[in-house]
Amino acid sequence: MDRIYLPVDIYFGANCVAQHGEHITSIGQKAFIVTGAHSAKASGAEADIVDLLKRIGKEYYIYSEVTENPEIEIIDKGISLFLYNKCDFVIGIGGGSPLDAAKAIALGAANNITGLDLYNGDLHQQCYPIIAIPTTSGTGSEVTQYSVLTNKHEQKKAGFTSPMIFPIVAFLDPRYTLSVSKTVTRDTALDALSHLLEGLYSVKRNQLLFPLIFEGIQLIMSHLPACLEDLSSFEHREALMRASLYGGMVIAHAGTTLQHSIGYPLTSNYGLSHGLANAVVMKGIMKLYSPAIQNELKQLFTYLHIEMSDFFKWIDDLGINQNLELEDEWIDKKILEIIQSRNMVNNPFIVEVDQIKQILKSL
Ligand code: NAP
Ligand code: ZN
């Protein structure tokens, strides 16, 4: 039996905040706006939200200290400021980092717990309402129940999940992504591509989502290279944002797999962006999984009118090869972390340590 459940009110399209923003009127009285240092302003999203809040008579406090791969300390500071300023709802504006931080702060503040406590689901009793406004096309965090944080003391990235952190409203305006750089555009689109593929790979795969998966992958394959040539094209930006939304809807149901677990240490220890870390293992993971998901891959490549080798060439043409030459000692240490990550239960079969080692050694 397949089921879809997504408790997010989604508005998609140019000017959606100005046109549909009044839908948040009854959500709360004082917003805690969570952003990175520059993107919320550069994208124009913060100005739109501030205009809206003034128009509907709400107060706000802006916390703009979220960095990439947000650390627990940033969440703890956000929770304190939220409570000190007596806010009662959260608006996250940015890429996945500010959106995940917004979710963590809303849940942490509502339960008066620390960032580290968020990993203990028993402490999730309630959550302040969350509004999500993505400014990248990649994570789909605006429609998921996940938040990924970094513990710098353990040099480790790990996600937590709670149905309470699904945003209540998501505003997706592709114009907000027009200011995204070429590299971030490429890497975030590859993150969305990972999510869509993992919807096929996961043991929780859901046939109701296959149309979104196939269409999302086609949108990325046809619009990403063109977008990288013309970053100011609204048409390409809109297509990538649509694909990213589909990817988020997919992982909200199917979860992610080894493709994400293996990427986390590449981000924490080698500084690869989240999307790039997934992308460098994408071919290796597809080859590994393919015997177990032949039927699903056949459906995908029939839809795309291409072979798997064409897909691999498309990835190679994006120039993502890193020549990391990872050391054996590091690989042995990180494999323990990878096999313990929560995404591993979603793999289409039980993946052996040696199979993970082989993928890492090939990078
Ligand atoms: P990000 O870390 O949020 O942002 C990357 C960079 O892009 C930052 O420098 C950011 O600037 C900049 N940026 C963002 N929007 C911009 C814009 N419109 N114009 C110019 N610059 C912009 O990147 P991301 O790939 O979107 O998010 C990655 C994080 O999301 C990772 O921690 C990953 O693990 C997590 N993730 C979460 C989920 C989920 O379901 N919760 C799913 C996948 C990934 P600022 O610093 O100024 O903001
Ligand atoms: Zn991801």
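Structure's up top.
Residues numbered from 1 in each chain as written. Chains lettered and ligands numbered in written order. Predicted model: local features only at pLDDT ≥ 70, side-chain atom pairs only at ≥ 80, totals over all residues. Heavy atoms only, no water.

Undergrad: How should I be thinking about the overall build of the chain in this particular structure?
TA: If you tally the helices and strands in the chain, you get 16 helices and eight strands. For 363 residues, the compact-globule estimate of 2.2 N^0.38 gives 21 Å, and the chain sits close to it at 20 Å. Structurally, the chain occupies a C-alpha span of about 55 × 40 × 40 Å along its principal axes. Here the chain, with 363 residues, has 59% of them falling under the buried criterion. Contacts in the chain between residues far apart in sequence, at least 24 positions, make up 80% of those at least 6 positions apart. Total accessible area computed for the chain in this model is approximately 15000 Å², and 50% of it derives from carbon and sulfur atoms. Placing the 28 positive and 40 negative side-chain charges of the chain at their respective mean positions leaves the two points 2 Å apart. (Helix = DSSP H or I, 4+ residues; strand = E, 2+ residues; numbered from the N terminus. Rg over C-alpha atoms; globule rule 2.2 N^0.38 Å. Buried < 20%, exposed > 50% of the residue type's maximum accessible area, 1.4 Å probe, protein only. Contact = heavy atoms within 4.5 Å. Areas by Shrake-Rupley, 256 points an atom, 1.4 Å probe, with all protein chains shown as cover. Lys, Arg positive; Asp, Glu negative; His and termini not counted. Charge placed at Lys NZ, Arg CZ, Asp CG, Glu CD.)

Undergrad: Explain the side chain of Lys334 here, please?
TA: Within the element layout of this structure, Lys334 appears in helix α15 (residues 328–340). You can call Lys334 buried: its relative accessible area is 4%. Those residues within four positions of Lys334 in sequence are excluded, and the remaining contacts are Gln155, Pro265 and Asn269.

Undergrad: When you look at the sheet that holds strand β2 (residues 30–35) in this model, what are you seeing that I'm missing?
TA: Within a sheet, each strand pairs with its neighbour through backbone hydrogen bonds, oriented either parallel or antiparallel. The parallel open sheet is built from six strands, whose spatial order is β1-β8-β5-β4-β2-β3. If you trace the sheet from one side to the other, it starts and ends with β1 (9–12) and β3 (59–63), each paired once. In this sheet, adjacent strand axes meet at a mean angle of 15° when their direction is disregarded. In this structure, strand β4 (residues 89–94) lies alongside strand β5 (residues 130–134), joined through five bridges in parallel fashion. (Pairing = 2+ DSSP bridges. Axes fitted to C-alpha atoms, helices over the stretch in contact; angles between N-to-C directions.)

Undergrad: Teacher, can you tell me more about the coordination of the zinc ion (ligand 2) here?
TA: For a metal bound by four donors in a tetrahedral arrangement, the ideal donor-metal-donor angle is 109.5 degrees, while six donors in an octahedral arrangement ideally sit at 90 or 180 degrees. For the zinc ion (ligand 2), the full set of protein donor atoms is Asp191 (OD), His195 (NE2), His260 (NE2) and His274 (NE2), and the range of their distances to it is 2.1 to 2.2 Å. In this structure, the zinc ion (ligand 2) is coordinated by four donor atoms arranged in irregular fashion, with angles at the metal of 82 to 167°. All donors of the zinc ion (ligand 2) come from a single chain, and their spacing in sequence reads D-x3-H-x64-H-x13-H. Here Asp191 is found in helix α6 (residues 182–201), whereas its partner His274 is found in helix α11 (residues 274–280), with 83 residues between them in sequence. Each member of the pair Asp191 and His274 is classed as buried. (Donors = N, O, S within 2.8 Å, 3.2 Å for Na, K, Ca; no water. Tetrahedral: all angles 85-135°; square planar, octahedral: opposite > 155°, others 65-115°.)

Undergrad: Honestly, the site of ligand 1 in this entry has me stumped. Any pointers?
TA: The local shell around ligand 1 holds 29 residues, among which His38, Ser39, Ser97, Thr136 and Thr144 are the closest. Within the side chain of Lys157, one N or O atom sits 2.8 Å away from an oxygen atom of ligand 1. If ligand 1 stood free it would expose 930 Å²; the protein chains cover 89% of that surface. Judged by its atoms lying within 2 Å of the grid points, ligand 1 is housed in the largest pocket. (Near = heavy atom within 4 Å. Polar contact = N/O pair within 3.5 Å; in protein donor to acceptor, adjacent residues only side chain to side chain. 1 Å grid on protein atoms, 1.4 Å probe; cavity = no way out; pocket = protein on both sides within 12 Å on 5 of 7 lines; lining within 4 Å. Sits in = over half its atoms within 2 Å of the grid points.)

Undergrad: I tried to follow the packing of α6 against helix α7 (residues 210–229) on my own but got confused; where do I start?
TA: What describes two packed helices is the angle between their axes and the distance between those same axes. Interhelical geometry of α6 versus α7 gives an angle of 160° and a closest axis separation of 9 Å. Classified by the angle their axes make, α6 and α7 are roughly antiparallel. When you trace α6 past α7, the crossing you get is left-handed. Facing α6, whose interface residues are Lys182, Thr185, Arg186, Ala189, Ala192, Leu193, Leu196, Leu197, Gly199 and Leu200, α7 presents Phe210, Leu212, Ile213, Phe214, Gly216, Ile217, Ile220, Leu224, Cys227 and Leu228. Looking at the contact of α6 with α7 residue by residue, the class counts come to 15 nonpolar, three polar and two charged. (Parallel < 35°, antiparallel > 145°, perpendicular 65-115°, else oblique. Left-handed = near helix turned anticlockwise from the far one by under 90°. Nonpolar A, V, L, I, M, F, W, Y, C, P; charged D, E, K, R; others polar.)

Undergrad: What is the right way to read empty space enclosed by the protein from this model?
TA: The method is simple in principle: a probe with the dimensions of a water molecule rolls over the atoms, and the space it marks as empty is what remains. By the definition in use, this model includes one cavity of 30 Å³ or more. Space inside the largest cavity adds up to approximately 50 Å³. What lines the largest cavity is simply Ser137, Thr177, Val180, Thr185, Thr188, Ala189, Arg237 and Leu240. Here the lining of the largest cavity gets three residues from one element, more than from any other, and that element is α6. Split into classes, the residues belonging to the lining of the largest cavity amount to three nonpolar, four polar and one charged. (Points joined across faces, edges and corners; volume = space filled by probe spheres on them.)

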